[in-house]
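Secondary and tertiary structure notes
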Amino acid sequence: VLADPEGNEFCVIEPGNNFLAGTARIGALSSDGSQQVGHFWSEALGWPLVWDQDEETAIQSASGGSKISWGGPPWRAKTGKNRLHFDLAPDGDQAAEVGAQHIDLGQGDVSWVVLADPDGNEFCVLAPG
Amino acid sequence: VTLRWYTLVVDCQDVRKQAAWWAEALDWTVIHESDKECVIVPAWADDAYIEQTPWERVGPGMVFVPAAGGKPGKNRLHLDLAPHTSQDREAEIQRLERLGARRVDVGQPDDASWTVLADPEGNEFCVLSSRDS
C-alpha cells in the first residue's frame, strides 16, 4: 500500500495479479450485486471476504476453491427469477437461520426452503440429511 | 460453517442437452439424468474423494432443472472459467465454440482480457486469461 502526495492510499497490483490463484477450473462465479449482498453471503456460507473495495466484494472458502464475486454498482435491474441459483445444504440437522426473506415461487409443499438474499436473488436451503 | 454451497442450479429449456453440454465443456460427469433433473459433478469427485474430504470442503456440483419462460436479459450470475497456462487458450475457446458456444457482447471493453461466451441456451460465461494456480 502506497500513498500519494496528499496521503490518499492506493495499491499497486502486480501484473497478472493472483485474484484467482488457488481456484479450480471454475475460477469464480461472478454476479451483479451490492456490497451488502457480498457481506450477506460471507456470513451465510462462513466464507471470509477476500476482496471488499469500492463496493466490489468476493468471498472464498478458507479451504480454497471457487470464489464468488459481486461487481458493485452499477448493476442491471433484476428481471424475473434468476436462471442460476445456489442450493445450500445445512450441516447435520442444524436449522439454517441466515436472516433471509422467505419467498414463494409457487414451489408448493416441498422439502426445501426458498429464500432471497438482500438483492432479491433466489436460493434454496435443502432438507437436512 | 453454517451452510455448504451444495450446487449451482441452472434453469433450462432442455435439461438433458444442457447437462451434457456443460459436462463436455468442463470435463465433468453426468451422475443423474431424468427429464426433471440432471446432475453433473467434477470427474475427479468420486466416492473415495467425497469420503476423505471434510463435508464443508466438498465443492458444488451443477444441477439442471426445467423452467418455463425465456431468459430476460443478461443473467445476474455467471461462471468464470480459466485455462491453465500450459493450455492453448484460443484452442480451448474454439473447442467450446465447436460444441455450440458463441461469442457475445455484453458491453465488455474491446481490450478485455476475458472472452465472453454464451452456452447453447444463451447463458453467459467467461473464459479468463490463462493462469497456473
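Residues numbered from 1 in each chain as written. Chains lettered and ligands numbered in written order. Predicted model: local features only at pLDDT ≥ 70, side-chain atom pairs only at ≥ 80, totals over all residues. Heavy atoms only, no water.

**Remarks on the overall build of chain B**
- Per the secondary structure count, chain B includes 3 helices and 8 strands.
- The N-to-C order of helical and strand elements in chain B reads β-α-β-β-α-β-β-α-β-β-β.
- Taken over the C-alpha trace, chain B has a radius of gyration of 16 Å; the compact-globule value for 133 residues is 14 Å, and the two agree within 12%.
- Buried positions account for 45% of the 133 residues belonging to chain B.
- In chain B, 61% of the contacts between residues at least 6 apart in sequence involve partners at least 24 apart.
- Across chain B, 14 positive and 23 negative side-chain charges occur, with their mean positions spaced 4 Å apart. (Helix = DSSP H or I, 4+ residues; strand = E, 2+ residues; numbered from the N terminus. Rg over C-alpha atoms; globule rule 2.2 N^0.38 Å. Buried < 20%, exposed > 50% of the residue type's maximum accessible area, 1.4 Å probe, protein only. Contact = heavy atoms within 4.5 Å. Lys, Arg positive; Asp, Glu negative; His and termini not counted. Charge placed at Lys NZ, Arg CZ, Asp CG, Glu CD.)

**Observations regarding the nonpolar core**
- A:Trp41, A:Phe86, B:Trp22, B:Met62, B:Phe64 and B:Phe125 are the most contacted members of the largest nonpolar core, which totals 44 residues.
- The leading source of residues in this core is helix α1 (residues 15-26) of chain B, at 7 residues.
- When near neighbours in sequence (up to four residues on either side) are disregarded, B:Phe125 contacts B:Trp21, B:Trp22, B:His78, B:Leu79, B:Leu81, B:Leu96, B:Ala101, B:Thr115, B:Val116, B:Leu117, B:Ala118 and B:Asp119. (Core = buried A, V, L, I, M, F, W, Y, C linked by side-chain atoms within 4.5 Å.)

**Quick notes on the environment of A:Glu55**
Residue and element names in this part refer to chain A.
- Mapped onto the elements, Glu 55 comes out in the loop between β4 (49-53) and β5 (56-59).
- The partly exposed category is assigned to Glu 55, whose relative accessible area is 38%.
- Sequence separation of Glu 55 and Gly 38 is 17 residues, and the distance between their C-alpha atoms is 9.0 Å.

**Some words on the confidence of the model for chain B**
- Per-residue pLDDT for chain B averages 91, and the proportion of residues at 70 or more is 98%.
- Scored as a complex, the prediction yields pTM 0.81 and ipTM 0.80. (pLDDT = per-residue confidence, 0-100.)

**A look at the side chain of B:Asp80**
- If you trace the backbone, B:Asp80 turns up in strand β5 (residues 77-81).
- For the buried B:Asp80, no salt bridge exists, and the shortest N-O distance to an oppositely charged side chain is 8.0 Å, to B:Arg131.
- Within the structure, the side chain of B:Asp80 is placed 2.7 Å from the side chain of A:Ser30, a separation counted as a polar contact. (Salt bridge = Lys/Arg side-chain N within 4 Å of Asp/Glu carboxyl O. Polar contact = N/O pair within 3.5 Å; in protein donor to acceptor, adjacent residues only side chain to side chain.)

**Some remarks on the interface of chain A and chain B**
- Facing 41 residues of chain A, the contacting portion of chain B comprises 41 residues.
- Summed over both sides, the interface of chain A with chain B buries roughly 3800 Å², with 55% coming from carbon and sulfur.
- Where chain A touches chain B, the interface holds 4 salt bridges.
- Here A:Asp32 ties to B:Lys74 by a salt bridge, and the two come within 3.5 Å at their closest N and O atoms.
- At the boundary of chain A and chain B, one finds 15 residue pairs in polar contact (both at pLDDT 80 or more).
- Residue assignment for the side of chain A that touches chain B shows that the elements contributing at least two residues are β3 (26-31), α1 (35-45) and β7 (84-90) of chain A. (Buried area = accessible area lost by both parts, 1.4 Å probe.)

**Remarks on the pattern of salt bridges**
- Counted according to the given criterion, the structure contains 11 salt bridges over all chains.
- The salt bridge involving A:Lys81 is made with B:Asp11; its shortest N-O contact spans 2.6 Å. Note that A:Lys81 is positioned in the loop between β6 (67-70) and β7 and B:Asp11 in strand β1 (residues 3-12), a pairing that runs across two chains.
- According to the relative accessible area criterion, B:Asp11 is buried, its value standing at 7%.
- Salt-bridge contacts for B:Glu90 lead to B:Arg103; the nearest nitrogen and oxygen are separated by 3.0 Å. Here B:Glu90 is found in helix α3 (residues 89-99), whereas its partner B:Arg103 is found in strand β6 (residues 102-103), with 13 residues between them in sequence.
- The exposure class assigned to B:Glu90 is partly exposed, which follows from its relative accessible area of 36%.

**Examining the confidence of the model for chain A**
All names here are of chain A.
- Residue-level pLDDT values for chain A average 79, and 74% of them are 70 or greater.
- Between residues 11-17, whose pLDDT stays under 50, and residues either more than four places distant or in other chains, the model counts 3 contacts.
- Of the regions scoring below 50 in pLDDT, residues 20-24 engages in 16 contacts with residues more than four places distant in sequence or in other chains.

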